[in-house]
Amino acid sequence: MTLVKVMGFTLLLCLVFLAVTHLLPQVEGEAPVDKMIDLDVLTMDGFIVMGEQIFNSKGNCTLCHKSPPLGRAPDIQGADMVAVAAERLADLRYKGVATDAETYLRESMKAPSQYVVAGWGKTGAKGERSPMPAAHKAPIGLSNIEIDAVIAYLQSKDGHEVTVALPTEATAPVADSVPTPTATAAAVIKKYSCQVCHVVDAVGGSVGPNLDRVGGRLTPEQIHESIINPNAVIAEGFVSGVMPRDFAEKMTVKELQLLVKWLAEKQP
Ligand code: HEC
Ligand code: HEC
C-alpha cells in the first residue's frame, strides 16, 4: 500500500515538473536568425509586405511615425505620401535633388535634413535640421534594398503604382525581428532602440540628451526615474512627451538594473 502511494506521488511530481517546464518561456535558442531574401520567389507583393514589416520593426519608423500620431513626427502612415511628396517638391523651400515620389521618399530617409517639414525642425536649428536619424546609418542601418522595400510599401498603401524595382541581387541579409535575449546593458540599449534618440557610446540621434556622460549629471536613482517615468523631470533644453512612457511595462527588472548601473558609470 505504501509502495503504491509512493509511486503515485512520484508520478504526480513528474507530471507537475513536466507541466512547469512547458509553461516556462523558451528563451534559449531564440537568437535572431538572418534570413536571406530568396530572389527566385520574391514578388512585388512580397516586397511590399517586407517593407511594411521593416517600417514596423527593424526600421523603428513607428517609434516616431505612428498613426494616430504620437506628436514626434508627421503621420506618414495616415497620409498619402505620394501626394505629400508632390507638395514638398513644389514648395519653394525645397532644396533637395528629388524629382518624384520615389526619389523624395528615398531622400527623406537617407538625408532627412535636405527638406525639413515645417514645424518639425530641431529646436535651436531654426528648422533647418531634421531630428530624424538617417535610415541607412547606425542605429537604424537599413540596406538600400530595405529602403526600397519601405518605399514600395509607402507607395502601395494608398493604391499608387510602385516605381521601385525588385532587387536583383541579395546584397544584404534581412534580419528577423525575433527579440534577442538581453544579457548586457548594450544589448538592452539595442533592444529598446534608445540610440534612435540618444547618443550612447558615440552612436545615435539627438532627439534626446547625449547619454555618454549621464552618470556625471544624474544619480542612479534619477537615471532609474528618467527611464520608467520620463515626464517626472525634463532634461534642460528638451521637450516632455517625446521619450516613450512604456519602458516600465516592457522592461524586465534585470534589464532595468543593468541599464541604470551601466549608465551611472558613464562619467565625464
Ligand atoms: C526619432 C524619430 C524618427 C524616426 C525613428 C524616423 N523618423 Fe522620419 N521623420 C521624423 C521627423 C521629426 C520628420 C519631420 C522632419 C523632416 O522633414 O525630416 C520626419 C520626416 C520623414 C519623412 C518626410 C515626411 C514628409 O511629410 O515629407 C519621411 C518620408 C520619413 N520621415 C520616413 C521615415 C521612415 C521610413 C523611417 C524608418 C526607417 C523614419 N522616418 C524614422 C522623425 C523620425
Ligand atoms: C523617441 C525618442 C526617445 C527614445 C526612444 C528614448 N528616449 Fe530617453 N529621452 C528622450 C528625450 C526627448 C529626453 C529629454 C526629455 C526628458 O527628460 O524626458 C530623454 C531623456 C532621457 C534621460 C534623462 C537624461 C538627462 O540628461 O536628464 C535618460 C537617462 C534617458 N532618456 C534614457 C533613455 C533610455 C535608457 C532609453 C532606451 C531604453 C531611451 N531613453 C529612449 C527621448 C527618447
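Here the structure is shown first, and the text comes after it.
Reading the values: the criteria
- Residues numbered from 1 in each chain as written.
- Chains lettered and ligands numbered in written order.
- Predicted model: local features only at pLDDT ≥ 70, side-chain atom pairs only at ≥ 80, totals over all residues.
- Heavy atoms only, no water.
- Near = heavy atom within 4 Å.
- Polar contact = N/O pair within 3.5 Å; in protein donor to acceptor, adjacent residues only side chain to side chain.
- Helix = DSSP H or I, 4+ residues; strand = E, 2+ residues; numbered from the N terminus.
- Nonpolar A, V, L, I, M, F, W, Y, C, P; charged D, E, K, R; others polar.
- Donors = N, O, S within 2.8 Å, 3.2 Å for Na, K, Ca; no water.
- Buried < 20%, exposed > 50% of the residue type's maximum accessible area, 1.4 Å probe, protein only.
- Tetrahedral: all angles 85-135°; square planar, octahedral: opposite > 155°, others 65-115°.

This part covers the site of ligand 1. Around ligand 1 sit 31 residues, and of these Cys 61, Cys 64, His 65, Tyr 104 and Met 132 come closest. With respect to ligand 1, the side chain of Tyr 104 contributes an N or O atom lying 2.5 Å from an oxygen atom. The separation between an oxygen atom of ligand 1 and a polar main-chain atom of Val 117 is 2.8 Å. Here the element with the most residues in the shell around ligand 1 is helix α4 (residues 101-110); it accounts for 4 residues. Looking at side-chain class alone, the shell around ligand 1 contains 24 nonpolar, 5 polar and 2 charged residues.

Our next topic: the coordination of the iron atom of ligand 1. The iron atom of ligand 1 binds to the protein through His 65 (NE2) and Met 132 (SD), with metal-donor distances spanning 2.0 to 2.1 Å. Taking the relative accessible area as the measure of exposure, His 65 reaches 11% and is therefore buried. The partly exposed category is assigned to Met 132, whose relative accessible area is 29%.

What follows concerns the coordination of the iron atom of ligand 2. In the first shell of the iron atom of ligand 2, the protein supplies His 198 (NE2) and Met 243 (SD), at 2.0 to 2.1 Å from the metal. Around the iron atom of ligand 2 sit 6 donor atoms, and with donor-metal-donor angles ranging over 87 to 178 degrees the site reads as octahedral. Taken as a pair, His 198 in the loop between α6 (185-191) and α7 (214-217) and Met 243 in the loop between α8 (220-228) and α9 (247-250) lie far apart in primary sequence, 45 residues in all. Judged by its relative accessible area of 11%, His 198 is buried.

Here the focus is the site of ligand 2. Lining the immediate surroundings of ligand 2 are 26 residues, of which Cys 194, Cys 197, His 198, Arg 217 and Met 243 lie closest. At 2.8 Å from a nitrogen atom of ligand 2 is found a side-chain nitrogen or oxygen belonging to His 198. Residue Arg 217 places a side-chain N or O atom 2.8 Å away from an oxygen atom belonging to ligand 2. For the shell around ligand 2, the per-class residue count stands at 21 nonpolar, 4 polar and 1 charged.

Functional significance is not addressed by these values, which are geometric in nature.
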